[in-house]
Structure formats: C-alpha cells, structure tokens
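# Observations on the three-dimensional arrangement
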Amino acid sequence: MNAFFTTLFATVLVLHLALKLWLSGRQARHVARNAGAVPAQFAATIGLADHQRAARYTVAKQRLGAIQTVVGALVFVALTWGGCLQWLVGQLAPLAGHGLLFEVALVASVAIILSLVDLPLDWVRTFRLEQAFGFNRMTPAMFLADAGRTFLLGALIGLPVVAVVLALMRSAGPAWWLWAWAFWSAFSLALGVIYPWLIAPLFNRFTPLGEGPLRARIGDLLARTGFRSNGVYTMDGSRRSTHGNAYFTGLGAAKRIVFYDTLVARLGPDEIEAVLAHELGHFRLHHVTKRLVSGLAVTLAWLALLGWLQTQDWFAPSLGVVTAPGIPGNAVDLVLFALVVPLFAFVLAPLQSALSRRHEFEADAFAARHVSAQSLVQALVKLYQDNASTLTPDPLHSAFYDSHPPAAIRINRLLIHAPTGA
Ligand SMILES: [Zn+2]
C-alpha cells in the first residue's frame, strides 16, 4: 500500500513540476517570438523599445520563476522522502514532549525552513530582477526590516491559529475538521476586517484620496455608486517599487479602495476616475464577498479530505515519515498535507483564474457604464507600459496564471463600450 501511494505522490510531483516548467517555457518563447513588433492595437500608444523591454522583463521573470519551481520540488523531496521531517520529529520530541507544544513547534519549524528558502529568492527578485529593470526602490535594510516584520506577524497570528487547529485535531473527535473549518471561517472574516486598518499600515502609509481638484468628481462618483466617501486611499507604494496599481480590500466597514501613489502621479483626472469606477465595480458586484465564500467552500473540501487522510495509515509513511508509538501524528499530517495539496490543486488554477478574469470583465463593464471607457483604456495602457506587462502572453500560460484578462482582449472588450470616433 505504501509503495503504491509513494509512487502516486512521486508521479504527481514530477507531473506538477513538468507542467509548470512547460507553461513557463511556453510563456517565455511566446513573448520572445512576439517581441519584434508592437501589436497593432497598441502601436499608436506603446513604442517598440517599451514593448521589447516588457518582453525581456517577462522572460527574466519566467526564468526566476522556473528556478523557484525547481527549488520548491527539491524542498518537497528533502522534507518528505529525504528524511528532514522525520529528523525534525526526532529532534523536537525529546525537547517539547508529546503534547500540543511539540506539534506547534514542528509546524513552526517547517514554516521557518520554508521562509528561509524563500528569502534568498526574494532577495534575487528584488535586487537583481526588479533592480535591473529599474523598478526597485528598496534598500537592503528595508528588505530585511520587511522580512522581520513579516516573520513577527506570522508568529503572532500564525502560531495561535495553528495551535487552535492542532488542539481541535487532538480533542474534537472525528468531525474535528468541521470545527476547524468553522474556526478558520471566523478567523478569515476577522482578518478581512482588521487587515486594512491594523496590518496593512504596518508596511505602508495610507492617506485619503481626493484632496484638491479631484475631490468633487470622486465624491460624485462615490455618491452615484453608493460607496462611503472616506473609503478611498492612496498608499506610498513608491517607497518600495515604481510599479503602480489599484486594488479593493477589506470587509464590512473596513472596506477600502487603495491607489498606489505611483499610479496617481501618472494618471490624469479622467483616468483616475475610470480606475476608481472599475474598483467600485468590484465593490458593487460583491466580488470580495464572492471570492471569500468560494475560498471557504474550497477550504471545507480540503479539510474534509485531510480529516479522511488522517485515518489512513498509509498517508504519512508513504511520504517518508513514520512516527514512533506515543508521538502524536497530527502535526506531521498537517505539514504533509500542506505540502501535497498544492501539487494536486494546481490543475484547478485555470478555474480560479477564469473566475477572477470574469470579475475583471464585470468590473470593466461597470466602469464603462459610469465613466468613459476610453479613459479606462488609456489608464490601462499606461499601467501596462509602466509595469512592463507583456501585451502578448501565451494563451495557455495565461489561462493558468492570469488573474486579469490579457491586455488585447481586455482592451477590445472595453472599446465595445466606447463611443466610436471618440
Ligand atoms: Zn479589477
């Protein structure tokens, strides 16, 4: 039995690795092949030099992503069949006993190992890749301060959450996963409320948008769409990077729309109003709530699966971990499950991305009903140009990864709404 499941997990790992590298190779080749000429619909707005810079940036990102994928697979093998997790269990059990403390310590150790592996890759992304293309504004000191803050926050929030889940696994009976899901749902809702005003400000400064000449126009648009007027902010994204963006976040009274200061500096009043209308579309069409609800439904399915796997005596041994009698296996199961799920879940990525792209189309259509679609097109073109986003993504890579529709398709849809000759 163990040999069968070991073969199954190894096969899925290899297929997952091959699929990701294949998609990444496709994207790099497709973008490089189309680097010679700006697509016709952007020819008037984006120059060849910018187009080719975007192609080089996209290819470089794929290369780093491929390295990260391979490293991830190696870490998986090291932790499971390589014996690292087994070794950790052997080291921690004498120190922390056989109780909850041991289990929390095991999960925390794996989390620390995984973030220590990520850290150098993040460093390369920031100080090589982003730096080379002129996007990075971070100093090494800021990078390390961010990493420290993220680590502390992870410990402060993550450890209690892990402790509660492990305690439920210990003592809530065979239906522990239902209780864990109820707890997780409550936690997610609470996080949605506290994130915008307690956590995000630890990393950035937020100031209300709309002082000055923009104020009246924005106030009018907010009134028309029923959004509270003090919910729109700019964020000092320029401290870390020149990339520009805008997003919608938070739940309930904490919901807000955030513009990067880099974006505000770059766009004209009509364009800012158009981007705001798009974000208000996300709010009006309840996209955040829909995403949260579908996320919780998926979590329930995964937790139910973990609840079942836990009762199967082949699960941990087939992934290289055999716990001695008397040592609880919950933390081992939880860690192995967290490692294995992404391998299987990747085939669902196109579904999730398609849902996200549909929300983007809906928010665009909403914007086109309330402001000029032409202004939103202009804003998007500036965003593509400034962020060196590729205009010619590989369709299959896009289907798996892109939360936003490919540039050409998105603009074409918007232009349907725009009056001709404008
Ligand atoms: Zn959007």
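What counts, and at which threshold
Residues numbered from 1 in each chain as written. Predicted model: local features only at pLDDT ≥ 70, side-chain atom pairs only at ≥ 80, totals over all residues. Heavy atoms only, no water. Helix = DSSP H or I, 4+ residues; strand = E, 2+ residues; numbered from the N terminus. Rg over C-alpha atoms; globule rule 2.2 N^0.38 Å. Buried < 20%, exposed > 50% of the residue type's maximum accessible area, 1.4 Å probe, protein only. Contact = heavy atoms within 4.5 Å. Areas by Shrake-Rupley, 256 points an atom, 1.4 Å probe, with all protein chains shown as cover. Lys, Arg positive; Asp, Glu negative; His and termini not counted. Charge placed at Lys NZ, Arg CZ, Asp CG, Glu CD. Phe/Tyr/Trp six-rings, centres within 6.5 Å; stacked < 30°, edge-to-face > 60°. Core = buried A, V, L, I, M, F, W, Y, C linked by side-chain atoms within 4.5 Å. Pairing = 2+ DSSP bridges. Axes fitted to C-alpha atoms, helices over the stretch in contact; angles between N-to-C directions. Parallel < 35°, antiparallel > 145°, perpendicular 65-115°, else oblique. Nonpolar A, V, L, I, M, F, W, Y, C, P; charged D, E, K, R; others polar. 1 Å grid on protein atoms, 1.4 Å probe; cavity = no way out; pocket = protein on both sides within 12 Å on 5 of 7 lines; lining within 4 Å. Points joined across faces, edges and corners; volume = space filled by probe spheres on them. Expected span 1.5 Å × (residues − 1). Arc of directions from axis to C-beta. Salt bridge = Lys/Arg side-chain N within 4 Å of Asp/Glu carboxyl O.

## Some words on the overall build of the protein
Along its length, the protein carries 16 helices and four strands. Since a compact globule built from 422 residues should have a radius of gyration of about 22 Å, the 24 Å found for the protein is in line with a globular shape. Dimensions of the protein, computed from C-alpha atoms along their principal axes, come out at roughly 75 × 45 × 40 Å. Within the span of the protein, comprising 422 residues, buried residues form 45% of the whole. For the protein, restricting intrachain contacts to residue pairs at least 6 apart in sequence, the fraction spanning at least 24 positions comes to 78%. Within the structure as shown, the protein displays about 20400 Å² of accessible surface, and the carbon and sulfur contribution to it stands at 67%. Side-chain charges in the protein split into 32 positive and 22 negative, and the spacing between the mean points of these groups amounts to 2 Å.

## Some words on the packing of aromatic side chains
Counted under the stated rule, the structure contains 20 aromatic pairs. A ring pair is formed by Phe 227 and Phe 283, whose centres lie 4.6 Å apart and whose planes are at 80 degrees; its orientation type is edge-to-face. Here Phe 283 lies in helix α9 (residues 269-284) and Phe 227 lies in the loop between α7 (214-225) and β2 (232-235), a separation of 56 residues in the sequence. Here Phe 227 matches Phe 283 in class, with each residue buried. Plain terms: the ring middles of Tyr 247 and Tyr 260 are 6.4 Å apart, the flat faces sit at 85 degrees to each other, and that makes the pair edge-to-face. Of the two residues, Tyr 247 sits in strand β3 (residues 246-249) while Tyr 260 sits in strand β4 (residues 256-260), which places them 13 residues apart along the sequence. For Tyr 247, a relative accessible area of 25% gives the class partly exposed. For Tyr 260, a relative accessible area of 21% puts it in the partly exposed group. In textbook terms, an aromatic cluster arises when at least three aromatic residues are bridged by ring pairs, as seen for Phe 4, Phe 5, Phe 9, Trp 308, Trp 314, Phe 315 and Phe 344.

## Overview of the nonpolar core
Of all hydrophobic cores here, the largest spans 45 residues; its most connected members are Leu 85, Leu 106, Leu 166, Phe 315 and Leu 336. Not counting chain neighbours up to four residues away, the residues in contact with Phe 315 comprise Phe 9, Leu 309, Asp 333, Leu 336 and Phe 337. By size, the runner-up hydrophobic cluster in this structure holds 42 residues, among which are Leu 214, Leu 280, Val 288 and Leu 391.

## Some remarks on the pairing of β4
Most of β4 is tucked away, with four of its five residues classed as buried. Here β2 pairs with β4 via four bridges, running parallel. Counted as the bridge partner of Val 232 is Ile 257 from β4. Between β3 and β4, which follow one another and run antiparallel, lie six residues, and Gly 250 among them has a positive phi close to 85 degrees.

## Describing the packing of α9 against helix α14 (residues 373-386)
The interhelical angle for the contact between α9 and α14, taken along N-to-C directions, is 95 degrees, at an axis separation of 8 Å. Classified by the angle between their axes, α9 and α14 sit roughly perpendicular to one another. Across from Asp 270, Glu 271, Ala 274, Val 275 and His 278 in α9, the residues of α14 making contact are Ser 375, Leu 376, Gln 378, Ala 379 and Lys 382. Looking at side-chain class alone, the contact of α9 with α14 contains four nonpolar, three polar and three charged residues.

## A look at the sheet that holds β3
The sheet built from four strands is open, its strands ordered β1-β2-β4-β3 with mixed pairing. The open sheet has two free edges, formed respectively by β1 (206-208) and β3, since each of these has just one partner strand. Taking the axes of each pair of neighbouring strands and ignoring which way they run, one obtains an average angle of 30 degrees across the sheet.

## Thoughts on the layout of surface pockets
For the second largest pocket, the calculated volume is near 530 Å³. Forming the boundary of the second largest pocket are 16 residues, of which Val 298, Leu 348, Leu 351, Gln 352 and Ser 353 lie nearest the centre. Mapped onto the lining of the second largest pocket, the elements with two or more residues apiece are α10 (287-309), α13 (349-370) and α15 (395-401). Examining the composition of the lining of the second largest pocket, we find that seven residues originate from one element, α13, more than from any other. Class assignment for the residues of the lining of the second largest pocket results in nine nonpolar, six polar and one charged.

## A word on α7
Across its twelve residues, α7 extends 17 Å between first and last C-alpha, which sits within 8% of the 16 Å expected from 1.5 Å per residue. Along α7, the positions that sit buried rather than exposed are Leu 214, Ile 218, Leu 221, Leu 222 and Thr 225. For α7, the buried positions fall inside an angular range of 100 degrees around the axis, keeping them on one side. For α7, exposure combined with an orientation more than 90 degrees from the buried face picks out Ala 216 and Ala 223. Buried residues along α7 sit against β2, α9 and α13. Once α7 ends, the next one or two residues include Gly 226, with phi positive near 75 degrees.

## With respect to the side chain of Asp 333
By secondary structure assignment, the location of Asp 333 is in helix α12 (residues 330-345). One buried charged side chain, Asp 333, makes no salt bridge at all; its nearest oppositely charged neighbour is Arg 170, positioned 12 Å away. Non-local contacts of Asp 333, meaning those with residues more than four positions away in its chain, are made with Leu 306, Gln 310, Phe 315 and Ala 316.

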